Amino acid sequence: MTEELQVLIVDDDFHVGRLHAGYVDAVPGFRALPPVGSAEQALRVVHGTGPDLVLLDVYLPDALGLDLLRTLDVDVIMLTAAADSASVRKALRRGALGYLIKPFDAGQLARKLRAYARYRRLLAEKPVLDQDTLERALHALHPGDGGGPGRARSATEASVLEALEPGTAQSASEVARRVGISRATAQRYLSALADDGAVEIQLRYGSTGRPEHRYGRAPQ
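Residues numbered from 1 in each chain as written. Predicted model: local features only at pLDDT ≥ 70, side-chain atom pairs only at ≥ 80, totals over all residues. Heavy atoms only, no water.

**Focus: the sheet that holds strand β1 (residues 5-10)**
An order of β2-β1-β3-β4-β5 is seen for the five strands of this open sheet, with the pairing classed as parallel. In this open sheet, the two edge strands, each paired with only one partner strand, are β2 (30-32) and β5 (98-101). The sheet shows a mean angle of 25° between the axes of neighbouring strands, direction not considered. Bridge analysis of strand β4 (residues 75-80) against β5 gives four bridges, and the strand direction is parallel. (Pairing = 2+ DSSP bridges. Helix = DSSP H or I, 4+ residues; strand = E, 2+ residues; numbered from the N terminus. Axes fitted to C-alpha atoms, helices over the stretch in contact; angles between N-to-C directions.)

Right, dumping it as structure tokens:
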């Protein structure tokens, strides 16, 4: 998996799209593409750029997002005000990996994105999956169902957690140097630890305007 997962937001409200793009960019390992406001634009970007994930609204000016969903050969999470059970069932039946009802806050979307990242990491662990890995990957999409802090950690994951000194916030690069792994690998493990609640993520804004992500141990 590449260091950053590219996310396309499809929402007919330009201001909402930009707001959600900011939410996405604040999550380590994710980068929002410029939002689009129609099914036609979404198809053009999906076919031309190939994002990893689409965040899709149901109500678009030229088509229903649920109809567009059937034509997209890409992972999709619905972000929409459509809260009726028929829309939810149809979205899941047509392949949506998740469903987030508007309005929601940055933390709710971040949890969905971190769960998706863990799902992707687990699927990428082996060229051929066994049933246990597949079950873990599917379960990762819904981390609130259990399998969190009590799960067994790999040796590398345990080393990454140990590298975080209590009471400090460190960058992925700093953790990578301490453990002796690449920055991208450190960031993946830090994100997994954040999924489990063992690590907290802080944002610091530098001169570039893009937030720097810092990681610290969560209080026990």
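Here the narrative resumes, following the displayed structure.
**Points about the pattern of salt bridges**
Scanning the entire structure with this criterion turns up ten salt bridges. Close ionic contact of Lys102 with Asp11 constitutes a salt bridge, the shortest N to O distance being 2.4 Å. Within this pair, whereas Lys102 is found in the loop between β5 and α5 (106-123), its partner Asp11 is found in the loop between β1 and α1 (14-25), the two being separated by 91 residues in sequence. For Glu165, the salt bridge identified is with Arg178, shortest N-O distance 3.1 Å. Taken as a pair, Glu165 in the loop between α7 (155-163) and α8 (172-179) and Arg178 in helix α8 lie far apart in primary sequence, 13 residues in all. Accessibility expressed as a relative area gives 48% for Arg178, which makes it partly exposed. (Salt bridge = Lys/Arg side-chain N within 4 Å of Asp/Glu carboxyl O. Buried < 20%, exposed > 50% of the residue type's maximum accessible area, 1.4 Å probe, protein only.)

**Regarding the environment of Arg120**
With respect to the helices and strands, Arg120 occurs in helix α5. On a C-alpha basis, the gap between Arg120 and Leu5 in space is 9.9 Å, while along the polypeptide they are 115 residues apart. Only 3.4 Å separates the side chain of Arg120 from the side chain of Asp52, close enough to count as a polar contact. (Polar contact = N/O pair within 3.5 Å; in protein donor to acceptor, adjacent residues only side chain to side chain.)

**Overview of empty space enclosed by the protein**
Within the structure shown, the criterion is met by two cavities of 30 Å³ or more. Counted as a void, the second largest cavity has a volume near 40 Å³. Around the second largest cavity, the lining residues are Ile77, Leu97, Gly98, Lys112, Ala115, Tyr116 and Leu141. With three residues, α5 is the largest single contributor of residues to the lining of the second largest cavity. Residue composition of the lining of the second largest cavity, by class: five nonpolar, one polar and one charged. (1 Å grid on protein atoms, 1.4 Å probe; cavity = no way out; pocket = protein on both sides within 12 Å on 5 of 7 lines; lining within 4 Å. Points joined across faces, edges and corners; volume = space filled by probe spheres on them. Nonpolar A, V, L, I, M, F, W, Y, C, P; charged D, E, K, R; others polar.)

**What to know about the nonpolar core**
Membership of the largest hydrophobic core comes to 26 residues, with the highest contact counts inside it found for Val24, Phe30, Leu55 and Leu109. Those elements that provide at least two residues to this core are β1, α1, β2, β3 (53-56), β4, α5 and α6 (131-140). By residue number, the principal contributor to this core is α5, which donates seven residues. Listed in part, the 23 residues of the second largest apolar core include Leu56, Leu68, Leu69 and Ala96. (Core = buried A, V, L, I, M, F, W, Y, C linked by side-chain atoms within 4.5 Å.)

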